[in-house]
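# Fold and geometry: a report
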Amino acid sequence: MDEYSRFVDWDKMDVSVQSQDAKELTCTEFQELKQLARQGYWAKNHSLRAKVYHKLISNIPCRTVTPDANVYRDIVVKIIGKRSSSCLPLPEFVDNSLVPTYCLNAEGIGAVRKIILCIANQFPDISFCPALPSVVALLLHYSKDEAECFEQVCRILACNDPSKRLIDQTFLAFESSCMTFGDLVNKYCQAAHKLMVAVSEDVLEVYSDWQHWLFGELPMVYITRVFDVFLVEGYKVLYRVALALLKFFYKVRAGQPMEADSMPQQDIRAFVRDIAKSVTPERLLEKAFAIRLFSRKEIQLLQMANEKALQQKGITVKQKSFSVFCVVFRRQNVHLAVHAENFKSEIVSVKEMRDIWSWIPERFALCQPLLLFTTLEHGCSLSRFYSHCEGHEPTLLLIKTTAKEVCGAFLSTDWGERRRGGNKLSFFGTGECFVFRLQPEVERYEWVIIKHPELATTGSELENHTSPASSTLSSGSVPSDPSDRLSPFLSARHFNLPSKTASMFMAGSSECIIIGGGDGQALYLDADLNHGRTSHCDTFNNQPLCSESFQISILEAWGFRD
């Protein structure tokens, strides 16, 4: 046995992790480390993994004063006293999370509780951190003693690199990460998202469990492989793996009917616990890294937007009362956000509006629909449309044609932005815009800049286009350096960013409205709001949004009410 075996119950461990010859890790370059972590270079030797963890964690930039092993030795007796470690109560900020055993022996399980209490003593600013018990239990496996484990966890918690997010330590950060995960599921796991919406009353309640899938349910041999890469690449890895878990869950359950009274949270947890029956660790990581996820900067901006939405609603701490907690912070699920008694549209039913609501970004799903404009009441006037919609962000456009087709668009930006171009047709908006069809079949169209980045054009090219048709399919400014590319899914002005970096997905003038780009789909509406047309790129093998040329029967514009 090696020097890192003190807390390990080897009878429960995979024998292969102690039978492999020890290797040395000499590389320091990030790209090489990333490659080795993904390949599982140090996964087959317990001692090597411990040394690599120590090396990676020691390189984390931390606060000037970060508790170390000596601090632990000084405070542990004062804090624990003579109490039995197996009966020590955990602090409230772990949110009743159980301590996973992760093949620890009895001494190790008790040590986890001692370490967590000492961390709580040294980090009074931590208010919500349900992942902490799992992280401590995992690192204890690869520590010589309790003090070394304490120091390593403290370094992770005290990371002060603004570009390197590691563990959520406040309720606001945790909840916004759940909303961000919901946005990513809506984007990258649409089939699974549709299933979750169908079988759960509150879809965000399901997605709020995503960290527990990783730090709690995922078996040791899987979470260690995830943690290998997490220490090198950071928080984004957790999103990737959770998305992969949901994809595999859907694949396994797609052929099995889910009962109306089923509990998807429990179903997913059970699947993750027993994941070895269907997926290997290697296949899980392969799936996770095959997802063409947003850049780290894009995810960071999306997280900031979700945090801002929560702060604006005063949702920054978890309430003591669970009943109050559920009412205060939870996403307005589609059945609550779209009230059957209060909702009335001449174009879509309550169920159809709920379907649309399940597609919109999480921070806007906190709101309820508010009718701003309808041709039945306000007439077919584009200027009147603008006057009723300006000042509202985002908006939802619904169109019913004389051929009974129903389509529409989610528009992320205030229509007042069109004035930037004066009398010229000017493009604006963000990649959170999307177009959709409800009749004759339901279809939501993805944006070219995300799904087919090779079709994106630069801002200068966009400005040189004079044809509305050609400009419509352009996607905005894409700086040459990918690391400088800002999220096309967020409004630039929310973050005081230069306007030239904003993507452009919608346009308006006194003569027409253009919404375009999604999977080659583009929607044009004339000034009288009586006639419209679509363009469609056959390359993507999608059904058209609606008829190439159509007469508008009814048009409605909806806003979002707190």
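Scroll up a little and you will see the structure.
Presented here is a report on the structure given in the accompanying data block. Given the structure is predicted, the values throughout are model-derived calculations rather than measurements.

### Quick word on the overall build of the chain
Of regular secondary structure, the chain possesses 24 helices and 11 strands. Put simply, the chain has 562 residues, and 58% of those count as buried. A separation threshold of at least 6 residues defines the contact pool for the chain, and within that pool the share at least 24 residues apart is 73%. Accessible area for the chain stands at about 24,200 Å²; split by element, carbon and sulfur atoms hold 49% of it.

### As for the pairing of strand 3 (residues 406–411)
Each regular strand shows side chains that alternate between the opposite faces of the sheet. By the criterion of burial, strand 3 is predominantly enclosed, with 6 of the 6 residues buried. Side chains of strand 3 alternate between two faces, with Val406, Gly408 and Phe410 and Cys407, Ala409 and Leu411 buried alike. Pairing of strand 2 (residues 395–401) with strand 3, which is carried by 6 bridges, proceeds in the antiparallel orientation. Bridge pairing in strand 3 links lysine 400 to valine 406.

### Here we look at the layout of surface pockets
Its volume calculated, the second largest pocket comes out at about 590 Å³. Surrounding the second largest pocket, 29 residues form its lining, Pro162, Lys164, Arg165, Leu166 and Asp168 being those nearest its centre. When contributions to the lining of the second largest pocket are tallied by element, the ones reaching two or more residues are helix 7 (146–157), helix 13 (236–253) and helix 16 (296–312). Here the lining of the second largest pocket takes 6 residues from helix 16, the largest share from any one element. Taken together, the residues of the lining of the second largest pocket sort by class into 12 nonpolar, 7 polar and 10 charged. Residue-level mapping places the lining of the second largest pocket at the junction of two domains, with at least three residues from each of domain 1 (10–158) and domain 2 (171–253 + 262–329).

### Regarding helix 15 (residues 281–290)
Buried within helix 15 we find Pro281, Leu284, Leu285, Ala288 and Phe289. Seen from one end, helix 15 has its buried residues packed into an arc of 120°, which puts them on one side. Away from its buried face, by an angle of more than 90 degrees, helix 15 presents the exposed residues Glu286 and Ala290. Tucked inside the fold, the buried residues of helix 15 contact helix 2 (30–39), helix 12 (220–233) and helix 13.

### Description of the nonpolar core
The biggest cluster of nonpolar side chains holds 125 residues, and the ones touching the most others in it are Trp42, Ile119, Trp210 and Phe227. Top contributing element to this core by residue count: helix 13, with 11 residues. Inspection of this core shows a minimum of three residues originating in each of domain 1 (10–158) and domain 2 (171–253 + 262–329). Once residues within four sequence positions are removed from consideration, phenylalanine 227 is found in contact with Tyr53, Val135, Leu138, Leu139, Ile156 and Phe215.

### Some remarks on the packing of aromatic side chains
One pass over the full model with this rule turns up 27 aromatic pairs. Look at tyrosine 386 and tryptophan 415: their rings are 5.8 Å apart centre to centre, the planes differ by 50°, and that puts the pair in the tilted class. Note that tyrosine 386 is positioned in helix 21 (residues 382–389) and tryptophan 415 in the loop between strand 3 and strand 4 (426–428), a separation of 29 residues in sequence. The structure contains a cluster of three or more aromatic residues connected by ring pairs, namely Trp357, Trp359, Phe364, Phe410, Phe434, Phe436 and Phe560. Over the ring of tyrosine 386 we find arginine 418, and its NZ or CZ is 3.6 Å from the ring centre. In this structure, arginine 533 packs its charged tip against the face of tyrosine 524, placed 4.7 Å from the ring centre.

### Quick look at helix 6 (residues 132–140)
Across the 9 residues of helix 6, 9 count as buried, placing the element largely inside the fold. The complete set of buried residues in helix 6 reads Leu132, Pro133, Ser134, Val135, Val136, Ala137, Leu138, Leu139 and Leu140. In this structure, the buried residues of helix 6 make contact with helix 3 (46–58), helix 5 (106–122), helix 7, helix 11 (210–217) and helix 12.

### A short note on the side chain of serine 143
Examined against the element boundaries, serine 143 turns out to sit in the loop between helix 6 and helix 7. By relative accessible area, serine 143 is classed as buried at 0%. A polar side-chain atom of serine 143 sits 3.4 Å from a polar atom in the side chain of glutamine 152. Not counting the four nearest positions on each side in its chain, serine 143 is found in contact with Tyr4, Phe7, Glu148, Cys149 and Gln152.

### A closer look at the pattern of salt bridges
Applying the stated rule across the entire model yields 21 salt bridges. In this structure, arginine 269 and aspartate 209 form a salt bridge, with 2.6 Å as the shortest nitrogen-oxygen distance. Taken together, the residues arginine 269 in helix 14 (residues 264–273) and aspartate 209 in the loop between helix 10 (203–207) and helix 11 connect sequence positions 60 residues apart. Judged by relative accessible area, which is 21%, arginine 269 ranks as partly exposed. Residue aspartate 209 is classed as buried on the basis of its relative accessible area of 7%.

### What to know about the packing of helix 12 against helix 15
Closest axis-to-axis distance for the helix 12/helix 15 pair is 9 Å, and the angle between their directions is 40°. Judged by the inter-axis angle, helix 12 sits oblique to helix 15. Helix 12 and helix 15 meet at a crossing whose hand is right-handed. Each of Val221, Tyr222, Arg225, Val226, Val229 and Glu233 in helix 12 lies in contact with helix 15, whose residues at this interface are Pro281, Glu282, Leu284, Leu285 and Phe289. Residues of the contact of helix 12 with helix 15, tallied by class, amount to 8 nonpolar, no polar and 3 charged.

### With respect to unusual backbone geometry
Between glutamate 393 and proline 394 the backbone carries a cis peptide bond, its omega angle lying at 0°. Summarising the element assignment, proline 394 is placed in the loop between helix 21 and strand 2. Residue proline 440 is bonded to the preceding glutamine 439 through a cis peptide linkage, with omega at 10°. The residue aspartate 95 is not glycine, and still its phi comes out positive at about 55°. Within the element layout of this structure, aspartate 95 appears in the loop between helix 4 (69–80) and helix 5.

### Remarks on the packing of helix 4 against helix 5
Closest axis-to-axis distance for the helix 4/helix 5 pair is 10 Å, and the angle between their directions is 105°. If you check the angle between helix 4 and helix 5, you find them roughly perpendicular. In this structure, helix 4 uses Val71, Tyr72, Ile75, Val76, Ile79 and Ile80 to contact helix 5, whose residues at the interface are Lys114, Ile115, Leu117, Cys118, Asn121 and Gln122. Its residues placed into classes, the contact of helix 4 with helix 5 shows 9 nonpolar, 2 polar and 1 charged.

The rules we used
Residues numbered from 1 in each chain as written. Predicted model: local features only at pLDDT ≥ 70, side-chain atom pairs only at ≥ 80, totals over all residues. Heavy atoms only, no water. Helix = DSSP H or I, 4+ residues; strand = E, 2+ residues; numbered from the N terminus. Buried < 20%, exposed > 50% of the residue type's maximum accessible area, 1.4 Å probe, protein only. Contact = heavy atoms within 4.5 Å. Areas by Shrake-Rupley, 256 points an atom, 1.4 Å probe, with all protein chains shown as cover. Pairing = 2+ DSSP bridges. 1 Å grid on protein atoms, 1.4 Å probe; cavity = no way out; pocket = protein on both sides within 12 Å on 5 of 7 lines; lining within 4 Å. Points joined across faces, edges and corners; volume = space filled by probe spheres on them. Nonpolar A, V, L, I, M, F, W, Y, C, P; charged D, E, K, R; others polar. Domains from an automatic or database assignment. Arc of directions from axis to C-beta. Core = buried A, V, L, I, M, F, W, Y, C linked by side-chain atoms within 4.5 Å. Phe/Tyr/Trp six-rings, centres within 6.5 Å; stacked < 30°, edge-to-face > 60°. Lys NZ or Arg CZ within 6 Å of the ring centre and 35° of its normal. Polar contact = N/O pair within 3.5 Å; in protein donor to acceptor, adjacent residues only side chain to side chain. Salt bridge = Lys/Arg side-chain N within 4 Å of Asp/Glu carboxyl O. Axes fitted to C-alpha atoms, helices over the stretch in contact; angles between N-to-C directions. Parallel < 35°, antiparallel > 145°, perpendicular 65-115°, else oblique. Left-handed = near helix turned anticlockwise from the far one by under 90°.

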